[in-house]
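Survey of secondary and tertiary structure
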Amino acid sequence: MRQVILGKSGLKVSAVGFGGIPIQRLSPIQAARVVRAGLDLGVTFIDTAASYGDSEEKIGRAIAGRRDNLVLASKSANRTRDGMMGDIDRSRRHLGTETIDLYQLHDVRLESWLEISAIGGAMEALLEARRKGWINHIGFTSHSVETAMRLIEEPVFETVQFPFNLITREPGERLIPRARAEKLGFIVMKPLCGGQFEDAELAFRFLNAYPDLVPIPGIERAAEIRQIVAVVGSGAELSGKDRRRSARIVDELGKLFCRRCGYCMPCPEGVPIVLGMIFESFIKRMSPKLVTERYAGELIDKASLCTDCGQCQEKCPYDLPIRETIKRAAGLADDLLREYG
Ligand code: SF4
Ligand code: SF4
């Protein structure tokens, strides 16, 4: 497996990492089998999060005895010092490690950065955790190009994790060149468009043109990681025929795919638009019980406040059918509550 240095962090990782969202849906034994299949193929980089249900615990069990050769990354969306400190400590225990190689601020936006960097904010905990040896490096994840462009300027960050795929290509214009210039390691989330793009061959041929970036596809089956490692290992890029085929698929999917950029927000009625837009992909990728407990009630209650004013759709640069999607998501949430509530 080709190795990549994650920018100024100096962390050396396999050219493709293991994304820990989908293993929430698996039993601990199945999860261990999938994680170990990745390790056996030479994957040395695993990314998870405090908020991914029991993903950290499953990974911790799966890597027992094999920790030394791995680079572990996790993240927390906690914005306060105490909350972040608690999450980092829990992540260490769940992953069964004294030190987490890379800890990231999860899903940052400019508004939350103000809270994170204020006195008593989460950044204090990250710096303290690094001093204590609980974590080695600090990064952030975001879905907003503006936020990422701003945070890249902060010397504390050594990596950025951002979506980049056949549909979400905007980062290739400004963000990736800027991250390279500032020597931040670039971790690619959603290389398969959050599970919506089924053709891994095309998705990873596209990314093979960016060999200094490290994609972390969410993996649920050993066959998936085998296929992805083979495509990345081949180094093959999109052929002319691939480009034509992917253009057709992207054209179709792009009309429905929410980039989580947040341009449609805020809703004057308080409808959690982005949650509504990505709810269906949550159901596909996370534990249905967890999705029910965490999100279904909130979505049903708040989606009912929508007055159909249409402001969100006017602001979405991708012309997504937001109102229709939120209504469908609320219906799915209702079904989930009946089954798991
Ligand atoms: S609905 Fe449109 S504007 Fe809103 S987060 Fe999704 S892609 Fe962005
Ligand atoms: S259409 Fe509904 S969700 Fe969109 S901004 Fe108006 S009230 Fe909010």
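These remarks concern the structure in this document. Numbers given for residues are sequential positions, taken from 1 along each chain in its written order. In the order they appear in the text, chains get letters beginning with A and ligands get numbers beginning with 1. Local features in this predicted model are restricted to residues whose pLDDT is 70 or higher, and side-chain atom pairs enter the listing and the counts only when it is 80 or higher, whereas totals over whole chains, interfaces and linings include all residues. Only hydrogens and water are set aside; all other atoms, that is, all heavy atoms of the structure, feed into the side-chain values.

With that settled, consider the overall build of the chain. Runs of H or I in DSSP of at least four residues are treated as helices and runs of E of at least two as strands, each being numbered from the N terminus. Counting its secondary structure elements, the chain contains 14 helices and ten strands. To get the radius of gyration, use the C-alpha atoms; to get the globule rule, take the number of residues to the power 0.38 and multiply by 2.2 Å. Computed over C-alpha atoms, the radius of gyration of the chain comes to 19 Å, within 12% of the 20 Å expected from 2.2 N^0.38 for 341 residues, which places it in the range of a compact globule. Judged by the C-alpha coordinates and their principal axes, the chain covers about 55 × 55 × 40 Å. Exposure categories follow from relative accessible area, calculated using a 1.4 Å probe and restricted to protein chains: below 20% of the type maximum is buried, above 50% is exposed, and the middle band is partly exposed. Counting only residues that meet the buried cut, the chain has 54% of its 341 residues in that class. In short, Shrake-Rupley with a 1.4 Å probe defines the accessible areas, and a residue's cover is counted only from the protein chains shown. On the chain, roughly 14,800 Å² of surface is accessible, and the fraction owed to carbon and sulfur atoms is 50%. Positive charges come from Lys and Arg alone, negative charges from Asp and Glu alone, with His and the N- and C-terminal ends not counted. The atoms used to mark charge sites are NZ of Lys, CZ of Arg, CG of Asp and CD of Glu. Treating the 48 positive side-chain charges of the chain as one cloud and the 45 negative ones as another, the clouds have centres 4 Å apart.

Moving on, we get to the site of ligand 2. For this purpose, a residue is taken to be near a molecule or strand whenever a single non-hydrogen atom of the residue falls within 4 Å of it. For ligand 2, the full set of nearby residues is C267, P268, E269, V271, C306, T307, D308, C309, G310, C312 and R323. Classifying every residue of the shell around ligand 2 gives six nonpolar, two polar and three charged. Three residue categories are used. Nonpolar comprises Ala, Val, Leu, Ile, Met, Phe, Trp, Tyr, Cys and Pro, charged comprises Asp, Glu, Lys and Arg, and polar comprises the others, including Gly.

Turning to the pattern of salt bridges, a few remarks are in order. Two side chains bearing opposite charge may form a pair once their charged atoms approach each other closely. The term salt bridge refers to a pairing of a side-chain nitrogen on Lys or Arg with a carboxyl oxygen on Asp or Glu at a separation within 4 Å. As enumerated under the stated definition, the model contains 26 salt bridges in all. With its nearest N and O atoms 3.1 Å apart, the salt bridge here joins D54 to K58. Its relative accessible area of 30% is what places D54 among the partly exposed residues. Salt-bridge contacts for R92 lead to D89; the nearest nitrogen and oxygen are separated by 2.7 Å.

What follows deals with the sheet that holds strand β6 (residues 100–105). Only when DSSP finds a minimum of two bridges between them are two strands counted as paired. Taken together, the eight strands give an open sheet; going across it, the order is β3-β4-β5-β6-β7-β8-β9-β10, and neighbouring strands pair in parallel fashion. One side of each edge strand has no neighbouring strand; the edge strands of this open sheet are β3 (18–19) and β10 (213–215). Relative to strand β9 (residues 185–189), strand β8 (residues 159–163) runs parallel, the two being bridged by five bridges. Within the sheet, the bridge partner assigned to Q161 lies in β9 and is I187. Against the sheet, helix α5 (residues 122–132) contacts β6 and β7 (135–141), and its axis sits at roughly 150° relative to β7. In what follows, a contact means two residues having at least one pair of non-hydrogen atoms within 4.5 Å. Helix axes are fitted to C-alpha atoms over the stretch in contact, other axes to C-alpha atoms as well, and angles between N-to-C directions run from 0 to 180 degrees.

This brings us to the nonpolar core. In these notes, a set of buried Ala, Val, Leu, Ile, Met, Phe, Trp, Tyr and Cys residues joined through side-chain atoms within 4.5 Å is what counts as a nonpolar core. Ranked by internal contacts, the top residues of the largest apolar core, which has 85 residues, are L105, F140 and F157. No other element matches helix α8 (residues 200–207), which puts six residues into this core. With residues near it in sequence (within four places) discarded, F140 still touches Q104, L105, V108, A148, L151, I152, F157, T159, V160, Q161 and L184.

Let us now look at the site of ligand 1. Surveying the vicinity of ligand 1 reveals 14 residues, the closest of which are C258, C261, G262, C264 and C316. Of the residues contributing to the shell around ligand 1, the split by class is eleven nonpolar, one polar and two charged.

This next bit is on unusual backbone geometry. Between M265 and the following residue, P266, the backbone shows a cis peptide bond with an omega angle of -10°. For P266, the position within the fold is in the loop between α10 (240–253) and α11 (273–285). Unlike most non-glycine residues, R260 shows phi in positive territory, near 60°. Along the polypeptide, R260 turns up in the loop between α10 and α11.

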